[in-house]
Amino acid sequence: MEQTKQLVEAIIKGIQEKKGQDIIIANLEGIDGAVCNYFVICQGNSPMQVEAITESIGDIVLSDMHDKPMHVIGLGVSQWVAMDYGDVIVHIFVPELRAFYDIENLWQDAKLTKIPNLD
């Protein structure tokens, strides 16, 4: 469990390094049907920023945790990128798609933690 929390911290560090915004951690532990233990959700202001955030997360998690995602989908279009680290799935959106899919509220039983934006 401690390793999963360190993974979440490394992911947040990667997001913040590229000025990702509105980070939310959804704790899905103990929820029936959950595909992982945590979602980390954030947004970039453009597809280019979404791609930069994705790359930053990958670099920092590799450096800090010596781990790579099992799957990354959505690169190329970079409107919504998902990175699967097993216990943690990262969702990086452009604002319009984040609002449309509203992933935070799909899992209403999850405990949500908002991470303050860096200036």
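For the structure itself, look to the data block above.
Model, not experiment: these values are computed from the prediction. (Residues numbered from 1 in each chain as written. Predicted model: local features only at pLDDT ≥ 70, side-chain atom pairs only at ≥ 80, totals over all residues. Heavy atoms only, no water.)

Chemist: Help me understand the sheet that holds strand E3 (residues 71–73), please; the structure alone is not making it clear to me.
Modeler: Across a sheet, paired strands are connected by hydrogen bonds in the backbone, their directions being either parallel or antiparallel. With mixed pairing, six strands are arranged side by side in an open sheet as E3-E4-E5-E2-E1-E6. Looking at strand neighbours, the two that pair on one side only are E3 and strand E6 (111–115), the edges of this open sheet. Sheet twist, expressed as the average angle between the axes of neighbouring strands with direction ignored, equals 15°. Strand direction decides the pairing type here: E3 and strand E4 (residues 80–84), joined by three bridges, are antiparallel. Among the inter-strand pairings, His71 is bridged to a residue of E4, identified as Asp84. Running over the sheet, helix H1 (residues 2–17) touches strand E1 (21–27), strand E2 (38–43), strand E5 (88–93) and E6 and is turned about 5° from E2. In the packing of helix H2 (residues 47–65) onto the sheet, the strands contacted are E2, E3, E4 and E5, and the crossing angle to E5 comes to about 155°. (Pairing = 2+ DSSP bridges. Helix = DSSP H or I, 4+ residues; strand = E, 2+ residues; numbered from the N terminus. Axes fitted to C-alpha atoms, helices over the stretch in contact; angles between N-to-C directions. Contact = heavy atoms within 4.5 Å.)

Chemist: Please explain the packing of H1 against H2 as it appears in this structure.
Modeler: The geometry of a pair of packed helices is captured by two quantities: the angle between their axes and the separation between those axes. The geometry of H1 relative to H2 is characterised by a closest axis approach of 8 Å and an angle of 140° between their N-to-C directions. Judged on the interaxial angle alone, H2 and H1 are oblique. Remark: the crossing between H1 and H2 carries right-handed chirality. On the side of H1, the interface is formed by Gln3, Gln6, Leu7, Ala10, Ile11, Lys13, Gly14, Ile15 and Glu17, while H2 contributes Ile53, Ser56, Ile57, Ile60, Val61, Asp64 and Met65. (Parallel < 35°, antiparallel > 145°, perpendicular 65-115°, else oblique. Left-handed = near helix turned anticlockwise from the far one by under 90°.)

Chemist: Would you take a moment to explain unusual backbone geometry for this structure?
Modeler: Glycine aside, a negative phi is what most residues show, and trans is what most peptide bonds show. You will see that His66, though not glycine, has its phi angle at about 55°, which is positive. Mapping His66 onto the fold places it in the loop between H2 and E3. Given a relative accessible area of 67%, His66 falls into the exposed group. Unusually for a residue other than glycine, Ser78 sits at a positive phi of about 55°. The residue Ser78 is located in the loop between E3 and E4 in this model. (Buried < 20%, exposed > 50% of the residue type's maximum accessible area, 1.4 Å probe, protein only.)

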